[in-house]
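# A look at the structure
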Number of protein chains: 2
Amino acid sequence: MGRVAIISVDGHVKAPREGYRDYIDPKWRGAFDEWLQSFEGMPDGFVRTELGEDAQWDPNRRVADLERQGVMAEVLFGNGAPFAAGRVDFAPDPEQTRQANMAFNRWVIDFCSEAPGRLHGQALVSFDDVDQAVRDVHWAKEQGLVGILMPPLYPGSKFFFDPALDPIWAACVEHDMVLHTHSGAGPTDISFGPGTMAIYASEAGWWAARPMHVLILGGVFERFPALHYCVAENGAWWVPDLRERMDAKWIGDHNTRKFGTEVFRGGLSMKPGDYIDRNCWLGASTMHQTEVDRRHGIGIDNLMWGNDFPHPEGTWPHTREWLRMRFHDVPVDETRKILGLNAVDCYGFDADALAPLVERIGPTIDDIHGGALEPTVETV
Amino acid sequence: MGRVAIISVDGHVKAPREGYRDYIDPKWRGAFDEWLQSFEGMPDGFVRTELGEDAQWDPNRRVADLERQGVMAEVLFGNGAPFAAGRVDFAPDPEQTRQANMAFNRWVIDFCSEAPGRLHGQALVSFDDVDQAVRDVHWAKEQGLVGILMPPLYPGSKFFFDPALDPIWAACVEHDMVLHTHSGAGPTDISFGPGTMAIYASEAGWWAARPMHVLILGGVFERFPALHYCVAENGAWWVPDLRERMDAKWIGDHNTRKFGTEVFRGGLSMKPGDYIDRNCWLGASTMHQTEVDRRHGIGIDNLMWGNDFPHPEGTWPHTREWLRMRFHDVPVDETRKILGLNAVDCYGFDADALAPLVERIGPTIDDIHGGALEPTVETV
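These figures come from a predicted structure and were not determined experimentally.

Conventions adopted
- Residues numbered from 1 in each chain as written.
- Chains lettered and ligands numbered in written order.
- Predicted model: local features only at pLDDT ≥ 70, side-chain atom pairs only at ≥ 80, totals over all residues.
- Helix = DSSP H or I, 4+ residues; strand = E, 2+ residues; numbered from the N terminus.
- Rg over C-alpha atoms; globule rule 2.2 N^0.38 Å.
- Contact = placed C-beta atoms within 7 Å.
- Pairing = 2+ DSSP bridges.
- Axes fitted to C-alpha atoms, helices over the stretch in contact; angles between N-to-C directions.
- Core = buried A, V, L, I, M, F, W, Y, C linked by C-beta atoms within 7 Å.
- Buried ≥ 20, exposed ≤ 12 C-beta atoms within 10 Å, placed from the backbone.
- Least-squares fit on C-alpha atoms with pLDDT ≥ 70 in both.
- Arc of directions from axis to C-beta.
- Parallel < 35°, antiparallel > 145°, perpendicular 65-115°, else oblique.
- Nonpolar A, V, L, I, M, F, W, Y, C, P; charged D, E, K, R; others polar.
- pLDDT = per-residue confidence, 0-100.

## Some details on the overall build of chain A
- Along chain A, the regular secondary structure elements total 17 helices and 8 strands.
- The C-alpha atoms of chain A give 21 Å as radius of gyration, which agrees with the globular expectation for 380 residues (21 Å, within 12%).
- With the principal axes as the frame, chain A shows a C-alpha extent of 60 × 55 × 45 Å.
- Taking as baseline every contact in chain A between residues at least 6 positions apart, the subset at least 24 positions apart corresponds to 75%.

## Some words on the interface of chain A and chain B
- Across the boundary between the two partners, chain A contributes 43 residues, which contact 43 residues of chain B.
- Among the elements of the structure, α7 (196-217), α9 (239-251) and α10 (262-265) of chain A are those that each provide at least two residues to the side of chain A that touches chain B.
- Per element, the largest residue contribution to the side of chain A that touches chain B is 9 residues, and it comes from α7(A).

## Looking at the sheet that holds strand β4 (residues 147-149) of chain B
All names here are of chain B.
- In spatial order, the strands read β1-β2-β3-β4-β5-β6-β7-β8; together these 8 strands make up an open sheet with parallel pairing. On the outer flanks of this sheet lie β1 (7-13) and β8 (303-306), each paired with one strand and no other. With direction set aside, neighbouring strand axes in the sheet form an average angle of 30 degrees.
- Strand direction decides the pairing type here: β1 and strand β2 (residues 73-78), joined by 5 bridges, are parallel. Counted as the bridge partner of histidine 12 is phenylalanine 77 from β2.

## Overview of the nonpolar core
- Counting 101 residues, the largest nonpolar core has A:Ala103, A:Val137, A:Ile148, A:Cys172, A:Leu215, A:Leu282 and A:Met304 as its most contacted members.
- In this structure A:Leu282 touches A:Val231, A:Ala236, A:Val239, A:Ile298, A:Asn302, A:Leu303 and A:Met304, once residues within four positions along its chain are discounted.
- Core analysis: the next-biggest nonpolar cluster, separate from the first, contains 100 residues, B:Ala5, B:Leu145, B:Phe159 and B:Leu303 among them.

## Remarks on the sheet that holds strand β1 (residues 7-13) of chain A
All names here are of chain A.
- The sheet built from 8 strands is open, its strands ordered β1-β2-β3-β4-β5-β6-β7-β8 with parallel pairing. Strands at the two margins of the open sheet, each flanked by one partner only, are β1 and β8 (303-306). The average angle at which neighbouring strand axes cross in this sheet is 30 degrees, direction not considered.
- Here 4 bridges tie strand β6 (residues 229-232) to strand β7 (residues 280-285), and the two strands are oriented parallel to one another. Bridge assignment links valine 231 to a residue of β7, and that residue is leucine 282.
- Set on the sheet, helix α15 (residues 332-347) makes contact with β1, β2 (73-78), β3 (119-124), β5 (178-182), β6, β7 and β8; between it and β8 the angle comes to about 110 degrees.

## Some words on unusual backbone geometry
- Cis geometry marks the peptide bond from A:Phe309 to A:Pro310, where omega comes out at 0 degrees.
- Following the sequence through the fold, A:Pro310 ends up in the loop between β8 and α14 (319-327).
- Positive phi values are uncommon outside glycine, yet A:Glu233 reaches one of about 50 degrees.
- You can see A:Glu233 is positioned in the loop between β6 and α9.
- C-beta crowding within 10 Å serves as the criterion here: with 26 such atoms nearby, A:Glu233 is assigned to the buried category.
- Located in the positive-phi region is B:Asp308, a residue other than glycine, with phi close to 55 degrees.

## Here's the deal with the relation of the copies chain A and chain B
- Superposing chain A onto chain B requires a rotation of 180 degrees together with a translation of 0.0 Å along the rotation axis, leaving an RMSD of 0.0 Å. Those values place the two copies in the arrangement expected of a two-fold rotation axis.
- A shared interface surface links the copies, since 100% of the contact residues of chain A are contact residues in chain B too.

## Considering the environment of B:Phe77
Residue and element names in this part refer to chain B.
- As for its placement among the helices and strands, phenylalanine 77 is situated in strand β2.
- Among the residues examined, phenylalanine 77 registers 26 C-beta atoms within 10 Å and is labelled buried.
- Sequence separation between phenylalanine 77 and threonine 181 is 104 residues, and the spatial gap between their C-alpha atoms is 10 Å.

## Examining helix α11 (residues 272-279) of chain B
Residues and elements named next belong to chain B.
- Burial in α11 covers these residues: Pro272, Gly273, Tyr275, Ile276 and Asn279. All buried residues of α11 lie within an arc of 155 degrees about the axis, which places them on one face of the element.
- Elements that come into contact with the buried residues of α11 comprise α7 (196-217), α8 (220-223), β6 (229-232), α9 (239-251) and β7 (280-285).

## Comments concerning the packing of helix α5 (residues 130-142) of chain B against helix α6 (residues 166-174) of chain B
Residue and element names in this part refer to chain B.
- It is at 9 Å that the axes of α5 and α6 come closest, and there the two elements cross at 10 degrees. The pairing of α5 with α6 is recorded here as roughly parallel in orientation. Contact with α5, carried on its side by Val130, Ala133, Val134, Val137 and His138, involves Pro167, Ile168, Ala171 and Cys172 of α6 and no other residues of that element.
- Each residue belonging to the contact of α5 with α6 can be placed in one class, and the counts come to 8 nonpolar, 1 polar and no charged.

## Some points on the pairing of β2(A)
Residues and elements named next belong to chain A.
- Of all 6 residues in β2, 6 are buried; the element is thus mostly enclosed.
- Across the two faces of β2 the burial is the same, with Ala73, Val75 and Phe77 and Glu74, Leu76 and Gly78 all buried.
- Bridge analysis of β2 against β3 gives 3 bridges, and the strand direction is parallel. From the neighbouring strand, valine 75 faces β3, where its bridge partner is histidine 120.

## Brief notes about the environment of A:Gln122
Residue and element names in this part refer to chain A.
- Take glutamine 122: it is sitting in strand β3.
- With 28 C-beta atoms packed within 10 Å, glutamine 122 lands in the buried category.
- Each C-alpha atom, one on glutamine 122 and one on valine 108, is 8.2 Å from the other, the two residues being 14 residues apart in sequence.
- Non-local contacts of glutamine 122, meaning those with residues more than four positions away in its chain, are made with Leu76, Phe77, Leu145, Gly147, Ile148, Leu149 and His180.

## A closer look at the confidence of the model for chain A
- For chain A, per-residue confidence averages 89 on the pLDDT scale, and 90% of positions sit at 70 or higher.
- Interface confidence in the predicted complex, given as ipTM, is 0.91; pTM for the same model is 0.93.

So this is what it looks like as structure tokens:
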């Protein structure tokens, strides 16, 4: 048929702040109420004013909005959890972090259960206690979640290639849980001044992407060939250069030959770029033209579309126009992969179950490839 | 005339280890001798075996080798100083660091004095004591050095946009001293494992380049419009993407508009990329084809050639073939800028004084543009 399956691998949900109260362990309810009071009168994060905040926590409103955009299914990330846990630059008390994560996880499980097979949530898992993390991965899978969002690298935490973390990767493989990092990580060594926000924004993409080369070069995908890893909402324009430079060192190029190749290979049996192809996916939300232009260097089977709904920097309410603007000259098979089929592969969406929905709401190939772009969409 | 001025902005020199003994403050000679003994029987760093190590510390040998390569002049960086000072990932005792720096500085002043106007050395300056650093910049200028190599950002050090460092930038401007960072910096948060060297090598370019966007976005070039900054031996393939992304935030693009532009501008009166054009130079040693292909996004007036002599990853003894391989289809005026004229602008080389040398040893435009490349040069 002529319709295209659109799966957004970057959606954001959260409860209203007080909405986590029923989900937090009763022992932590006192601390939770104190935390809640500290926000008295403050707004609840960035969302599209026109949407209110409903699309973050009302599954019916959300599904209706997705359908208007032609989107069948979504991979969902937390947009705020109790005690600011889940903020990738934040590492409070380990037990408090875990309790906050679990409150979010219980809530998002309920949320996703309202549209089975269409809303795929990620669990927040902290790595402070590896055995506990493994139990949490098992539990999250049982509850229907499809992956985990890793904590950030912060000073004193284990580097992601540390074999101490291998049991967590093993649990992810056992349960087909996708491992994620998400944009938002930032430097921990920065001091404050007028340029801080601009420096943070310019570096954030590197910090969120950093775990990818660390996992590759540290041998995690060598040890866990079936592990799926996705860098969410972080563009993908940087992948071809990273691939080329990692591979050059593995091959032993002019610049690094003096050290020999062994020291750079570190036991990797394939070129680093081959692990990108096999193990890594890139969620390039509100894709720039750069990602589309560089799609072959990124990986036609690895690049995925994201709406970043309902953030103001997302494509709502112009998703259909964005699709045409970016994909009007991309071959049909590549368009289908990037907009949906790669997400099916990465996350195990049930394509057969989604097929009737594609026929009902999916944009046609002509919608995406046909006609000139109306200059009504802000795309700067 | 048809000959081209070649200036390499990345050469490496050092004394043999024991050669610093006469240059170290007598009060530190005991500590120096202890340090020296700890290397008993160990080789003295990476150099071309065929060159011996002479080209690092013998100015006559060096100049003869440069002339054979068709290179008129060089910007020189330390390749090893007492107590491992100058190593960009190393921050020992502040006073010991300064004494080591000064021993290197005194030595390199003597070295450069053997070929006036052709060997332009950089002083090692530590920033632990700002007043002392200012005095050291003054002193280095008086002694004929042309710039300073900054210490790395290390945990606990001042971030480079901290106004506390402004007196150092003011001294550099007053004396036309070029500020440098050089490849070699690396993460300070990395733990050790089999992948460490590959991770380090893959990240090193980012860490060495990081001060550039920190200086730009932190407003240093806004406050010091005449400051010259150069990223040495660190490629330049990354500049066009950095430029585009910094500028997009300053303009207020789709992805960052929700924050408003003020928070990203931080008082910058121009787009961040305009500070690249005005204040920043890129020393892309042993230039890859990528840098040549992206030269307009980097900046035709900002990109500079480096030989990385006498490192094994440098172009010796094939410099003339490298020039043809990389520049055979680059327009003449752009070739002249990248290979020499931009270095004249950045460092204030005396072009008139070098002119007779260009006529004697410089490659002709036909050497660079003519004929097919013989496949005898290793270029992987």
